[in-house]
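Examination of the molecular architecture
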Amino acid sequence: MRSAKSSPTPPEQARLPWHPPGLVAGIDEAGRGPLAGPVVAAAVILDELQPIVGLADSKKLTPARREKLYHEIRAKALCCSVAEASVQEIDQLNILQATLLAMRRAVLGLRLKPALVLVDGRQLPALDVPAEAIVRGDALLPAISAASILAKVHRDHWCVEVHQQFPQYGFAGHKGYGTAMHLAALRVHGASVHHRRSFAPVAQSLAA
């Protein structure tokens, strides 16, 4: 069974009745909800001979624990890949399609080609390998948990870097989400080059 092609409303794919033999990659994303910055996706193929203790949904881990696991995953995984879809692509395609694009790029960036791809959520990117969408996969499957950690830490690093360039927005604290502080900064300073113009709070700040 091949993965569903991306569309404006990609269908949820049923669980595969069988799994092809070979390498399995987990995929997850970070950054669909924030008002600024790229959406990030990661793909990970774990090494069964080098198990990683403590993998979990990245949102359930402390920043320090995520950071430690981030480096351990990169050191022990058979291969991993992190990819982005830019703010411009988000505004042009919409956030769902940009997320699927980042996921596809992450899979294509793997050094080894997986026989099966397991994706957190309900939608699948367009791929040339069998794929399965798994709701809450980041809490259930180690490869997806690892991908969620890589994607989250990569995007958090981006936020810290951008904070140095635009400290008035407070990216290091809110990570781009629409907090009261962030919305207040938008009202005072307007949108930066990193803000998503297609998101309502940003569009409203530009129209003010």
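Residues numbered from 1 in each chain as written. Predicted model: local features only at pLDDT ≥ 70, side-chain atom pairs only at ≥ 80, totals over all residues. Heavy atoms only, no water.

A short note on the packing of aromatic side chains
Following the criterion strictly, the structure yields three aromatic pairs and no others. Residues Trp-158 and Phe-171 carry aromatic rings whose centres are separated by 6.1 Å and whose planes lie at 70° to one another, so their mutual orientation is edge-to-face. With Trp-158 in helix α5 (residues 142-165) and Phe-171 in helix α6 (residues 171-174), the pair connects residues that are 13 residues apart, well separated along the chain. Given a relative accessible area of 14%, Trp-158 falls into the buried group. Note on Phe-171: relative accessible area 0%, which makes it buried. (Phe/Tyr/Trp six-rings, centres within 6.5 Å; stacked < 30°, edge-to-face > 60°. Helix = DSSP H or I, 4+ residues; strand = E, 2+ residues; numbered from the N terminus. Buried < 20%, exposed > 50% of the residue type's maximum accessible area, 1.4 Å probe, protein only.)

Overview of the sheet that holds strand β5 (residues 131-134)
Spatially, five strands are ordered β3-β2-β1-β4-β5 in an open sheet, and the strand pairing comes out mixed. Bordering the open sheet on either side are β3 (79-85) and β5, each of which pairs with just one other strand. Direction aside, the axes of adjacent strands within the sheet are offset by 20° on average. In this structure, strand β1 (residues 24-30) lies alongside strand β4 (residues 116-120), joined through four bridges in parallel fashion. Across the sheet, residue Ala-25 finds its bridge partner in β4, namely Val-117. Contacting β1, β2 (39-45), β3 and β4, α5 crosses the sheet at an angle of about 35° to β1. (Pairing = 2+ DSSP bridges. Axes fitted to C-alpha atoms, helices over the stretch in contact; angles between N-to-C directions. Contact = heavy atoms within 4.5 Å.)

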